[in-house]
Amino acid sequence: MTQSAARTHVSSWGYACFLTVNATSIWGGVFPFLPLEFQTAEVTLTFFLAQALAFGGAFVASMFGSYYVPGGARRMLVSLSALLVFGGSACLIGAMYATVATLVLVAGGGVLLGVGCAGMFMLWQRYFASLPAERGNLRLIAGTAIAPFIYFALYLVPIALTAFLIPLVFVPLCGLCIALSVREMRVDQPMFEDVPRQHPRVYRQAVSDYWRSALCVGSLALASGVIRGIALLHEEIAAVVNSASMLGSFVSAAVLLVLWYRMSFRFGLTSVFRVVYPVIITGFLLLPFLGPIYLNLFAGFTYMVFSLVQMLMMMQCAQVSRDRGINPVFIYGFFGGVAYIMQSVGFLLGWVSDFVSVDGREWLFIVAMASSYVLGLTLLAATGTLFKSIASKGTVTADPIEFLPLGISQASGRAARRAIAGADGPTQDADPSSRKGASSKKRRNRPSASEDAGAIRDRTSKQCLQLQERYGLSMRETEVTELIARGNSMATIAERLVISENTVRTHAKHIYTKLDIHKRQELLDMLHELDG
């Protein structure tokens, strides 16, 4: 177990507090902690419409803002986002007492909470993206696993107190934790220093490569939005949705951690969508025919899936920022904008299901058909059946999320290098590399940053894959390693991978650190030693 995994970092606790605040406001969890007589259909619809539009709109605005005004994205303020969330919670509390202005306060609270929570998500995304992949993903997963315990503990507190506890305790605590965490951010990385308008092709390429992944997330968000809209008018389903969302966060985080400690693996958001697609679409098709018990089970499953995808979306965006040197607010704003706007559409579709009938038929039939239709089109688009790939020159495709072996450090890298040279004999060579030697063959068919990366074409590509296994190089680092070994300049590599030269230099620096070398010739010597 690595030192970072041995103790829970303050960022994990802070992110857990934020997820609790988010679950008790954005997803409607705050309403179980407010008087039932206050929760009229008019109040709930006003709040969720205002919140949904503000939340999705904030992501879209952040995407364009980070592109055209990158300095603003670098100066995102923790205090401002925390104040917006605090103000939104205060408006909801005030709406219970100021009956004359209830709807105005509820709408204002929805807007403030929507923008504030989106801003907090952006801040946490920037922080996790700034860390090395292992550390960032580990802290993100740990925070996701802790959040359900905090959320369910709120049910032990009297309802009259909980509504005040969230803005007065959890929001300031979350702001404090993220303020402490961002102090360790390295702002000299290409993702933060980059001026997007100087590299428009890089950003266009990222959108081109990841729109399918974003659409997959958006379709699952639409499914959860439909269930959320239906749940608004059925109190028993609302309780299941809130609980299932947090339970899903814990289960998905726990499973990921267990798998990560046992093996290294890669998968993409489109792969997750293809796996859950048959279950989700079958659930919608059965929705009009089965009773409330089934609806509860389906609602719970849908929100569990969306909780998993929401966590994976942050990991995917962080990896894109690291690999391509893209502003993390831009790529996360792109994913979030697609996902949460589609969720808002799904929410409206689900909400009207109780009020409208067509030719004597319940609107639930139309809801099921419309949701299934969108999911089906998304599957076709995600698999490339509906649209042809538009990757520039065929060189770049969507990278999967990587979970490399935990605990591979520079020290273990030196040990592996001695093993290559035969300094430690067969005992050392039997450590990480020989146990995984057979897996290099499996990696040939895994998706990669280049259409031909990961395939063994000649001795150099085979040697680079061996370095990847022994030293824990990421797919992008392996790709850059091979291009360096083949004598390409930094400018040529940047052109080939559609990234900036600063990003290439950063990758080269990380590669040399992992391999404990300092120049290209030493890399060539290491590759030559692999044949010895």
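Residues numbered from 1 in each chain as written. Predicted model: local features only at pLDDT ≥ 70, side-chain atom pairs only at ≥ 80, totals over all residues. Heavy atoms only, no water.

A.B. asks: How should I be thinking about the packing of helix α20 (residues 459-471) against helix α21 (residues 475-485) in this particular structure?
C.D. replies: In helix packing, the relevant descriptors are the interaxial angle and the interaxial distance, both defined with respect to the helix axes. Relative to each other, α20 and α21 sit at 140°, their axes nearing to 9 Å. Classed by the angle they form, the pair α20 and α21 counts as oblique. For the crossing formed where α20 meets α21, the hand is right-handed. When α20 is examined against α21, the residues Thr460, Ser461, Cys464, Leu465, Leu467 and Gln468 are found in contact with a partner set consisting of Met475, Thr478, Thr481, Glu482 and Ala485. (Axes fitted to C-alpha atoms, helices over the stretch in contact; angles between N-to-C directions. Helix = DSSP H or I, 4+ residues; strand = E, 2+ residues; numbered from the N terminus. Parallel < 35°, antiparallel > 145°, perpendicular 65-115°, else oblique. Left-handed = near helix turned anticlockwise from the far one by under 90°. Contact = heavy atoms within 4.5 Å.)

A.B. asks: Just checking my understanding: could you explain the packing of aromatic side chains for this structure?
C.D. replies: For the coordinates displayed, the defined rule picks out 33 aromatic pairs. Look at Phe289 and Phe365: their rings are 5.5 Å apart centre to centre, the planes differ by 85°, and that puts the pair in the edge-to-face class. Note that Phe289 is positioned in the loop between α12 (269-286) and α13 (292-324) and Phe365 in helix α15 (residues 363-382), a separation of 76 residues in sequence. Accessibility expressed as a relative area gives 57% for Phe289, which makes it exposed. With relative accessibility at 27%, the residue Phe365 sits in the partly exposed group. Look at Tyr294 and Phe298: their rings are 6.0 Å apart centre to centre, the planes differ by 0°, and that puts the pair in the stacked class. Residue Tyr294 and its partner Phe298 are located together in helix α13, separated by four residues, close to a single helical turn. Take Tyr294: its relative accessible area is 18%, and that puts it in the buried class. The exposure class of Phe298 is buried, given its relative accessible area of 4%. Sitting above the plane of the Phe347 ring, Arg228 keeps its charged end 5.5 Å from the centroid. (Phe/Tyr/Trp six-rings, centres within 6.5 Å; stacked < 30°, edge-to-face > 60°. Buried < 20%, exposed > 50% of the residue type's maximum accessible area, 1.4 Å probe, protein only. Lys NZ or Arg CZ within 6 Å of the ring centre and 35° of its normal.)

A.B. asks: When you look at the pattern of salt bridges in this model, what are you seeing that I'm missing?
C.D. replies: When their charged atoms lie close together, side chains carrying opposite charge are able to pair. Tallied over the full model, the rule gives nine salt bridges. Here Arg139 and Glu184 are joined by a salt bridge, their closest N and O atoms 2.8 Å apart. Linking Arg139 in helix α7 (residues 133-153) with Glu184 in the loop between α8 (159-181) and α9 (190-193), this pair joins segments that are 45 residues apart in sequence. A relative accessible area of 11% means that Arg139 is categorised as buried. Put simply, Arg486 and Glu482 hold a salt bridge, and the shortest N to O gap is 2.9 Å. Using a relative accessible area of 37% as the deciding quantity, one classes Arg486 as partly exposed. (Salt bridge = Lys/Arg side-chain N within 4 Å of Asp/Glu carboxyl O.)

Coordinates in, geometry out; function isn't part of it.
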